[in-house]
Amino acid sequence: MKSKSHAFKQQAADALVNVSLQKALLNAKDGFIVKRKKAMDELPEFERLRTKAIEIKEHTLSHLDQYLEYFEQQVIKSGGTVHWASTTTQAQQIIVELCKQANARTVTKGKSMVGEEAAINDALEAAGFEAIETDLGEYIIQLANEPPSHIIAPAIHKSKQEIADLFKDHHKKYNFNSKLETIPEIVNEAREVLREKFINADVGITGANFLVAETGSTLIVTNEGNGDLTATLPKTHIVISSIEKVVPTLEDTSVLLRLLARSATGQEITSYTTFFNGPKRNSDIDGPENFHVVLLDNGRSNMLQNENHEMLKCIHCGACLNHCPVYSAIGGHAYGWVYPGPMGSVLTPIMQGLDEAKDLPFASTFCGRCEEVCPLSIPLPKLLRQHRNHIHHDKLNTSRSRLGLALWAFVASRPALYRPLSNSFIRALGWLGKKSGRFSWLPFASAWTQSKDLPAPAAQSFMSAWTQQQAKKKSSENE
Amino acid sequence: MNNAREEIFNRIKSKTRQNGQDAASIIERRLSAHQRGPVPVFPEELLERFILKLKNVVGTVKEISDMSELPAAVSEYLSSLNVEQKIVTAVPEIHSLNWPADFEVNNRAAISSDLSSVTMAYAAVAETGTLVLQAAKETPTSLNFLPDNFICVLKQQDIHTSMEDIWDAIRKDDKGMPRVVNFITGPSRTADVEQTIQLGAHGPRYLHVIIIRQAGSD
Ligand code: SF4
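For clarity, every value in this text was computed on a predicted model and none was experimentally measured.

(A) Up close: the overall build of chain B. For chain B, the count of helices and strands is seven helices and twelve strands. For 218 residues, the compact-globule formula gives about 17 Å, and the C-alpha radius of gyration of chain B, at 21 Å, lies well above that figure. In terms of overall dimensions, chain B has a C-alpha envelope of 70 × 45 × 40 Å along the principal axes. Relative to its 218 residues, chain B shows a buried fraction of 54%.

Have a look at this one:
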């Protein structure tokens with residue numbers, strides 16, 4: 001999809017007054033947090049697993065070319081093909097071409113954030129294919145023509161009623177006319193509609209949570225089983241993934257899997273974890289005849305040499321979103337592209353450009369929860385701070401909003417300071433934020449007062465910005 | 001064709017700190033060492049743990065002492081679900097059993113009209129209550145995902161402690177990585193509507209494991 005990250009401020013402001021969204025966010029947030037906490041409490045090995053996971057990722061990233069080469073060789077040995085894409089356009093071209101070669105009409109898709117990043121559906125539809133998302137959440141947002149609002153729960157912002165209405169409109173053509181009232185009814189109808197698609201699809205596209213160099217395996221974790229039907233029934237299975245997803249061995253994969261499901265949904269393991277190794281073999285009586293892996297770079301290789309390489313350790317668990325007071329207040333769509341929350345605020349400016357996404361690095365209170373819950377201990381606040389520094393340096397920000405944001409972060413990260421703030425200070429903040437509407441976030445302070453009070457890294461820029469602003473304000477008052 | 005592969009590798013090479021020769025032996029060592037990370041420990045016996053964890057994810061279990069008891073166990077389970085006495089399987093050891101005269105056994109991969117399937121697990125992981133299935137002629141993957149009622153036969157001696165044990169077992173078989181390895185933990189589920197868990201999203205609505213107890217165990 002095309003990025004709307006430049007409109008972050010307006011989108012965030014709209015999200016705050018969207019009643020049904022606020023309800024959905026409230027409902028979702030606690031569920032994720034409570035479930036994750038319970039799973040972690042039952043895992044005394046968590047810190048050791050985390051340390052090992054970091055070692056695995058650091059090691060792999062510093063030998064990335066060799067592991068990718070090894071992975072490719074193993075895929076070829078098992079009868080598959082690896083395709084390389086520097087850019088999302090190249091990824092689109094490769095996939096469209098593969099679908100043409102397969103004489104496809106219908107393409108089913110398992111959930112893939114890299115697929116979202118590369119806007120594969122748009123490309124397939126433009127080329128005349130019917131592309132159908134089969135993960136229930138992805139299917140819902142596809143019908144609604146919206147991007148995902150969460151990396152593991154794409155339709156988290158939708159209410160039961162909204163989903164029932166969408167199904168009513170879109171399932172008429174399949175002769176489904178009953179009024180859907182309960183969740184089982186909704187899930188059942190989607191099951192029946194999508195069953196037909198699974199059976200008739202010519203190509204199945206899935207993502208990959210990891211790529212195993214040792215065996216050339218691509219693997220997916222799902223709960224619905226849609227990814228497995230997508231990979232098993234059509235004649236051609238295409239895997240779309242990105243270059244940082246490779247890990248050395250099956251044992252390394254097991255370490256990361258133990259962290260992934262617990263961090264994401266609080267499950268010890270998802271219902272289905274599947275390793276795919278090439279096309280149907282001679283003795284097989286089912287499975288795809290063709291197996292392709294498309295690996296996207298899209299700026300990742302350039303992240304290797306600088307501090308941003310930390311972000312390449314991300315296993316897309318979503319924990320940083322679930323624990324972020326800003327995400328919890330505004331939801332995923334406000335961020336304007338496919339990756340929301342703290343990980344998105346780091347990634348989007350890298351992939352879409354600092355200019356396009358210049359507000360995202362400021363969508364943080366620096367409460368530090370994201371780094372704390374991240375199974376790879378990715379220093380998200382530090383990376384956001386670095387983006388901010390670059391923005392200040394490149395003067396992409398107006399001085400007024402720069403001060404406002406610095407102030408906001410300063411206050412927000414100090415609940416002790418925030419609560420007894422005098423009215424006049426609040427009024428000052430209101431004035432500073434008037435243009436952007438940004439300080440309408442302040443009422444949501446309760447979300448971060450519950451979390452730890454971490455040192456506020458913005459303090460310095462606050463002090464200097466404050467002095468500057470005072471001087472400026474005086475001069476403008478005198479005008 | 002684009003030259004993306006070369007571009008990507010050049011970019012990576014120019015940015016990673018490794019020097020060629022040394023690095024090759026480092027990754028080879030790593031790939032062959034199969035070093036395990038921390039593996040959670042649990043106090044229960046393997047069978048007990050497997051059943052405990054399986055029940056947590058809404059799987060059901062029946063223990064029998066011999067393969068010959070399987071037809072009765074399957075028939076009883078289908079009756080309890082109130083569905084037709086009819087299965088699809090591809091496991092020779094299963095379809096060659098003595099099935100009742102009015103029981104229909106189809107010997108093939110699954111098609112969408114199949115309501116119930118029976119297949120054989122390659123192994124199981126006690127840690128998480130997980131079945132492990134391999135794609136093969138006798139155990140085609142569609143049996144695990146298409147039917148509503150998925151019945152899986154598991155031999156007690158095939159229950160291992162952790163996922164890592166499965167990797168060792170596959171290496172010991174010395175037949176390379178199977179085309180598909182499914183780790184299955186409970187029936188299909190979704191929480192995509194208002195974060196409420198609903199079973200039977202796209203895959204099986206029910207998962208029933210029939211464990212054949214190891215001779216000599218009580
Ligand atoms: S940054 Fe960390 S917490 Fe956030 S999605 Fe990635 S791995 Fe999960």
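There is more to say, and it comes next.
(B) A look at the state of the cysteines. Residues and elements named next belong to chain A. Using the criterion set out here, one finds zero disulfides over all chains in the structure. Here C324 stays unpaired: no disulfide links it, and the sulfur of C367, its closest cysteine neighbor, is 6.6 Å away. Look at C324 and you get buried, because its relative accessible area is 8%.

(C) Summary view of the site of the ligand. The ligand sits among 13 residues. The nearest are A:C314, A:C317, A:G318, A:C320 and A:C374. Its residues assigned to classes, the shell around the ligand comprises eleven nonpolar, two polar and no charged.

(D) Focus on the sheet that holds strand β8 (residues 159-160) of chain B. Ordered in space as β8(A)-β5(A)-β6(A)-β9(A)-β9(B)-β6(B)-β5(B)-β8(B), the eight strands form an open sheet in which the pairing is mixed. Edge positions in the open sheet fall to β8 (246-247) of chain A together with β8 of chain B, since each of these has one partner strand only. The pairing of strand β5 (residues 123-125) of chain B with β8(B) spans two bridges and is classified as parallel. Within β8(B), the residue paired with B:A124 across the bridge is B:I159. Its contacts with the sheet put helix α12 (residues 250-264) of chain A on β5 (210-212), β6 (217-222), β8 and β9 (272-276) of chain A, and the angle it makes with β5(A) is roughly 165°.

Procedures and definitions
- Residues numbered from 1 in each chain as written.
- Chains lettered and ligands numbered in written order.
- Predicted model: local features only at pLDDT ≥ 70, side-chain atom pairs only at ≥ 80, totals over all residues.
- Heavy atoms only, no water.
- Helix = DSSP H or I, 4+ residues; strand = E, 2+ residues; numbered from the N terminus.
- Rg over C-alpha atoms; globule rule 2.2 N^0.38 Å.
- Buried < 20%, exposed > 50% of the residue type's maximum accessible area, 1.4 Å probe, protein only.
- Disulfide = S-S within 2.5 Å.
- Near = heavy atom within 4 Å.
- Nonpolar A, V, L, I, M, F, W, Y, C, P; charged D, E, K, R; others polar.
- Pairing = 2+ DSSP bridges.
- Contact = heavy atoms within 4.5 Å.
- Axes fitted to C-alpha atoms, helices over the stretch in contact; angles between N-to-C directions.

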